[in-house]
Amino acid sequence: MAYQSVFRTGLFKGQVALVTGGGTGIGRCVAHELASLGATVVVAARRREPLEQTCREITENGGQAHVELVNIRDEESVDTLIRNVVAKFGRLHLLVNNAGGQFLSPAENISVGGFRTVLELNAVGTWTVCRAAMLHWMKEHGGIIVNIVADYFNGFPLMAHTGAARAAVDNMTKTLCQEWGKFGIRINSVAPGTIISSGMQNYPPPVQQMITGGFHTENPSGRLGTEAEVSSAVVWLLSPGAAYVNGACLRVDGGSSLSKAAMIPHPDDIPIKAFLGYSDASCLGERDIPPAFGELLAQYAAKKTTSKL
Ligand SMILES: CCCCCCCCCCC/C=C/C(=O)SCCNC(=O)CCNC(=O)[C@H](O)C(C)(C)COP(=O)(O)OP(=O)(O)OC[C@H]1O[C@@H](n2cnc3c(N)ncnc32)[C@H](O)[C@@H]1OP(=O)(O)O
Ligand SMILES: NC(=O)C1=CN([C@@H]2O[C@H](COP(=O)(O)OP(=O)(O)OC[C@H]3O[C@@H](n4cnc5c(N)ncnc54)[C@H](OP(=O)(O)O)[C@@H]3O)[C@@H](O)[C@H]2O)C=CC1
C-alpha cells in the first residue's frame, strides 16, 4: 500500500482561489503558490497595474490567473467582485482575505476618522468579503477561507487601530468557524510578524532603517520574516492537510509574539534558515521591496546558518 502525501503536484487543480491584495507582497506570493499548485487564481485589489503584472508572472510560469478590481471598503464593489468570480468560473473554493493595512502613529495622534478608516478597511472590509463569498457561493457549496491579521497579541504599539481591527478579525474568524461549519466552510487566520514585503514601502525611510537595523534581534528567530513563509502557512491552511484545523490563528512571526522585549542577542549566524520561495534569488528584491529590505533578503539567502534544517 503506497502512502501519498497531501503536498503533491496539482494539489489545487480545478479549484478557484480569490486572493485580495493579490497584486503585491504577501498576496502576490500566495497567488503564485496557489497557481503553481494548480488553482485558477483571481487576484483583486484597487490598482490594475500590479494585479496585471502578477497575472503575467503567473501565466508565464504556466499557471492560470485573472484580474478583478475591488475596493473592499465598498460593499457594492465587493458584491460585484464575488458575483463576477462565480459568473466567470462557476465556483469559488478558496478565499484569502489579505488586503489591508494601516498607518504608523502614536495612539494619542490617531483621530477618530483615522481609527475608523483602519477599522473599516481591515475589520469591516474583511467581513464584507467573507459575507459576500458565503452568500453567493460558499453557503451552498462550502469553501475554505484564510484571513490575514497581524501580531496584535499583547497590543500593538504605534498601531492601536490595526491592533483592534486585527483582533476583531481573529475573533470574527472564530465565530464564523462555529456558525458556518454547517455550510461546509472552514476558516482560519494567519498572523504574520514583521515581514519583508512591498508593504514596507508605506513606512518612511527612518522607520525602514529602524526595522532593517536592530529590530530583528528582538525576535527569537533573529530575523524578519519573508513573504514565502507567510504564503506557505496560508497554503497549508487551505490544503486538505489542514482539514481539521478550524477557527485557529496561526502565528508566522519567528516567535516574536511571545515577547516584545529584547531577547538574548544573536551571533552573526542566523539560527533559523529563511525560506524565500522564489528559486531565483535575483527576483526577490527586484519588484516592490524597498532596497534596504532587498539587501537584508540577499543576506538571508547567502548567510551561513547554524540550523541543520
Ligand atoms: C518607530 C519605529 C517603530 C517600528 C514599528 C514597526 C512595526 C512594523 C510592523 C509591521 C506590521 C504591519 C505591516 C503591514 O501591514 S505592511 C503594510 C501594508 N500596507 C499598508 O499599510 C498601506 C495601507 N495604508 C492605506 O491604505 C492608507 O494609508 C489608509 C487606508 C490607512 C488610509 O487611507 P485613506 O485614503 O482612506 O485615508 P485618508 O487620507 O482619507 O484619511 C482617513 C483618516 O485617516 C487619517 N490618516 C490617514 N493617514 C494618516 C497618517 N499617516 N497619520 C495620521 N492619520 C492618518 C486621516 O487624517 C483621516 O482622518 P480624519 O477623518 O480624522 O481626517
Ligand atoms: N508586511 C508585514 O510585515 C505585515 C503585513 N500584514 C498584512 O498583510 C497584508 C498584506 O500586506 P503586504 O503584502 O505586506 O503589503 P501590501 O501593502 O503590498 O499589501 C496590501 C494589499 O492590499 C491591497 N489593498 C489595500 N487596501 C485595499 C482596499 N481598500 N481594497 C482592495 N485592496 C486593498 C493593496 O492593493 P491596492 O493598493 O492596489 O488596493 C495591496 O495589494 C496586509 O493586510 C498587511 O497589513 C500583517 C502583518 C505584518
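Note that the coordinates shown come from a computational prediction; the quantities given were computed from them, not determined experimentally. (Residues numbered from 1 in each chain as written. Chains lettered and ligands numbered in written order. Predicted model: local features only at pLDDT ≥ 70, side-chain atom pairs only at ≥ 80, totals over all residues.)

Chemist: Teacher, can you tell me more about the overall build of the chain here?
Modeler: Helix and strand content of the chain: eight helices and nine strands. Its C-alpha atoms put the chain at 55 × 55 × 40 Å along the principal axes. Here the chain, with 309 residues, has 44% of them falling under the buried criterion. Taking the contacts inside the chain whose residues are at least 6 apart along the sequence as the reference set, 76% of them involve residues at least 24 apart. (Helix = DSSP H or I, 4+ residues; strand = E, 2+ residues; numbered from the N terminus. Buried ≥ 20, exposed ≤ 12 C-beta atoms within 10 Å, placed from the backbone. Contact = placed C-beta atoms within 7 Å.)

Chemist: Sorry, what's going on with the nonpolar core here?
Modeler: Generally speaking, a soluble globular protein has its nonpolar side chains buried in company with each other. Ala17, Leu34, Val41, Ala133 and Val234 are the most contacted members of the largest nonpolar core, which totals 79 residues. Looking at this core, the element that brings in the most residues is helix α4 (residues 112-141), giving 10 residues. Once you skip the residues sitting within four places of it in the chain, Val41 turns out to touch Ala17, Val19, Ala31, Leu34, Ala35, Ile58, Gln64 and Ala65. (Core = buried A, V, L, I, M, F, W, Y, C linked by C-beta atoms within 7 Å.)

Chemist: Just checking my understanding: could you explain the packing of α4 against helix α5 (residues 160-180) for this structure?
Modeler: The axes of two packed helices give the description: the angle between them and the distance between them. Contact pair α4 / α5: the axes reach a minimum separation of 8 Å and the direction vectors enclose 20°. When the axes of α4 and α5 are compared, the pair comes out roughly parallel. Where α4 crosses over α5, the two elements pack in a sense that is right-handed. Where α4 abuts α5, its residues Gly114, Phe115, Val118, Leu119, Asn122, Ala123, Thr126, Trp127, Cys130 and Met134 lie against His161, Thr162, Ala164, Ala165, Arg166, Ala168, Val169, Met172, Leu176 and Trp180. (Axes fitted to C-alpha atoms, helices over the stretch in contact; angles between N-to-C directions. Parallel < 35°, antiparallel > 145°, perpendicular 65-115°, else oblique. Left-handed = near helix turned anticlockwise from the far one by under 90°.)

Chemist: Just checking my understanding: could you explain the pairing of strand β1 (residues 16-20) for this structure?
Modeler: The side chains of a regular strand alternate, residue by residue, between the two faces of the sheet. With five of five residues buried, β1 lies mostly within the body of the structure. In this structure, β1 lies alongside strand β2 (residues 40-45), joined through five bridges in parallel fashion. By the bridge assignment for β2, Leu18 is matched with Val42. In terms of handedness, the path from β1 via helix α1 (residues 25-36) over to β2 forms a crossover that is right-handed. Where β1 meets strand β4 (residues 94-97), three bridges bridge the pair, whose relative direction is parallel. Among the inter-strand pairings, Ala17 is bridged to a residue of β4, identified as Leu94. (Pairing = 2+ DSSP bridges. Right-handed = clockwise from strand over helix to strand, strands pointing away.)

Chemist: Could you clarify how one ought to interpret the site of ligand 1 in this entry?
Modeler: By nearness alone, 18 residues border ligand 1, and Gly101, Ser111, Gly113, Gly114 and Gly199 come closest of all. Looking at the shell around ligand 1, the elements with two or more residues in it are α4 and α6 (205-212). Among the elements that make up the shell around ligand 1, the one with the highest residue count is α4 (five residues). Residues that form the shell around ligand 1 fall into these classes: eight nonpolar, 10 polar and no charged. (Near = placed C-beta within 6 Å. Nonpolar A, V, L, I, M, F, W, Y, C, P; charged D, E, K, R; others polar.)

Chemist: Would you mind going over the site of ligand 2 with me for this structure?
Modeler: Neighbouring ligand 2 are 28 residues; Gly21, Gly25, Arg46, Gly100 and Gly199 lie closest to it. A per-element tally of the shell around ligand 2 places α1 first, with three residues. Residue composition of the shell around ligand 2, grouped by class: 11 nonpolar, 14 polar and three charged.

Chemist: Help me understand the environment of Ala31, please; the structure alone is not making it clear to me.
Modeler: Topologically, Ala31 is positioned in helix α1. Distance in space between the C-alpha atoms of Ala31 and Gly63 is 9.9 Å, their sequence separation being 32 residues. Contacts of Ala31, omitting those with residues within four sequence positions, involve Val19, Gly22, Val41, Val43, Thr54, Ile58 and Ala65.

Chemist: Honestly, α5 in this entry has me stumped. Any pointers?
Modeler: If you check α5, its first and last C-alpha atoms are 29 Å apart, about what 21 residues at 1.5 Å a residue would give, namely 30 Å. Where α5 is concerned, the buried positions are His161, Thr162, Gly163, Ala165, Arg166, Val169, Asp170, Thr173, Leu176 and Trp180. Contact partners of the buried residues in α5: α4, β5 (143-148), β6 (185-192) and β9 (249-252). (Expected span 1.5 Å × (residues − 1).)

Chemist: Whenever I open this one, helix α7 (residues 227-238) confuses me. Can you help?
Modeler: For an α-helix, 3.6 residues make a turn, and residues three or four places apart therefore share a direction. Taking 1.5 Å per residue as the helical rise, α7 with its 12 residues ought to reach 16 Å, and the 17 Å between its terminal C-alpha atoms agrees with that figure. Among the 12 residues of α7, 10 are classified as buried, and the element is accordingly described as predominantly covered. For α7, the complete set of buried residues consists of Glu227, Ala228, Glu229, Val230, Ser231, Ala233, Val234, Val235, Leu237 and Leu238.

Chemist: Whenever I open this one, unusual backbone geometry confuses me. Can you help?
Modeler: Most peptide bonds are trans, and most residues other than glycine sit at a negative phi. A positive phi angle, near 65°, is found at Asn154, a position not held by glycine. Tracing the backbone through its elements, the reader meets Asn154 in the loop between β5 and α5. One non-glycine residue with positive phi stands out, namely Leu158, at about 75°. For Leu158, the location among the structural elements is in the loop between β5 and α5. Residue classification places Leu158 among the partly exposed positions, given that 15 C-beta atoms sit within 10 Å.

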